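Coordinates in review
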Amino acid sequence: MSFLFGGRPQLSSAEKIAAAETEVEMVSDMFNRLSQSCTKKCIPPEYREPDLNKGESVCLDRCVSKFFEVNLKVSEKMQGEAAQKGGGGGGAMGGFGM
């Protein structure tokens with residue numbers, strides 16, 4: 001009855017599992033996109049050394065930082081638009097746990 005008094009309805013166990021699976025898929029997809037784009041940008045296709053050099057390491061660090069910063073800003077913007085359209089109640093998985 002909390003739904004009648006302004007609270008959110010309770011999710012069933014199956015709904016919680018489905019939501020967790022969706023979140024894992026979203027985080028996995030984000031990690032894969034991050035890995036692909038930053039590797040393509042920062043690491044040349046021909047390897048000269050077995051370890052990252054300083055330039056590659058700094059590039060990867062900045063790339064990952066920018067990727068998360070942009071992801072967070074986009075997520076906040078989308079949540080704000082959804083709240084305006086839907087009348088509130090922020091998204092449960094918008095920021096990937098951030």
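This section reports on the structure supplied with the text. (Residues numbered from 1 in each chain as written. Predicted model: local features only at pLDDT ≥ 70, side-chain atom pairs only at ≥ 80, totals over all residues. Heavy atoms only, no water.)

**Quick word on the pattern of salt bridges**
- Inspection of every chain in the model, using the stated rule, returns 4 salt bridges.
- For Glu46, the salt bridge identified is with Arg48, shortest N-O distance 4.0 Å.
- Residue Glu46 is classed as partly exposed on the basis of its relative accessible area of 44%.
- Of the residues examined, Arg48 reaches a relative accessible area of 75% and is grouped as exposed.
- Here Lys73 and Glu69 are joined by a salt bridge, their closest N and O atoms 3.5 Å apart. (Salt bridge = Lys/Arg side-chain N within 4 Å of Asp/Glu carboxyl O. Buried < 20%, exposed > 50% of the residue type's maximum accessible area, 1.4 Å probe, protein only.)

**Section: the packing of aromatic side chains**
- Applying the stated criterion across every chain, the model contains 1 aromatic pair.
- Measuring from centroid to centroid gives 6.3 Å for Phe67 and Phe68, while their planes differ by 85 degrees, and the two rings are edge-to-face. (Phe/Tyr/Trp six-rings, centres within 6.5 Å; stacked < 30°, edge-to-face > 60°.)

**Let's talk about the nonpolar core**
- Membership of the largest hydrophobic core is limited to 8 residues, which are Met30, Leu34, Cys38, Cys42, Ile43, Leu60, Cys63 and Phe67.
- Those elements that provide at least two residues to this core are helix H1 (13-42) and helix H2 (54-86).
- When residues of this core are assigned to their parent elements, the largest contribution, 4 residues, is made by H1.
- With residues up to four places along the chain from it excluded, the contact list for Leu60 reads Cys38, Thr39, Cys42, Ile43 and Leu52. (Core = buried A, V, L, I, M, F, W, Y, C linked by side-chain atoms within 4.5 Å. Helix = DSSP H or I, 4+ residues; strand = E, 2+ residues; numbered from the N terminus. Contact = heavy atoms within 4.5 Å.)

**Points about the state of the cysteines**
- Following the criterion strictly, the structure yields 2 disulfides and no others.
- One disulfide in the model links Cys38 with Cys63; its S-S distance is 2.0 Å. On the sign convention where negative means left-handed, the S-S torsion of about -85 degrees between Cys38 and Cys63 marks this disulfide as left-handed. Here Cys38, found in helix H1, pairs with Cys63, found in helix H2; they are 25 residues apart in sequence, far enough to count as distant. The exposure classification of Cys38 matches that of Cys63, with both residues buried.
- Between the sulfur atoms of Cys42 and its disulfide mate Cys59 the distance is 2.0 Å. On the sign convention where negative is left-handed, the bridge of Cys42 and Cys59, at about -70 degrees about the S-S bond, is left-handed. Note that Cys42 is positioned in helix H1 and Cys59 in helix H2, a separation of 17 residues in sequence.
- Using a relative accessible area of 8% as the deciding quantity, one classes Cys42 as buried.
- Indicated for the chain is the disulfide connectivity 1-4, 2-3, based on numbering the bonded cysteines in sequence order. (Disulfide = S-S within 2.5 Å.)

Read these as geometric descriptors, not functional statements.
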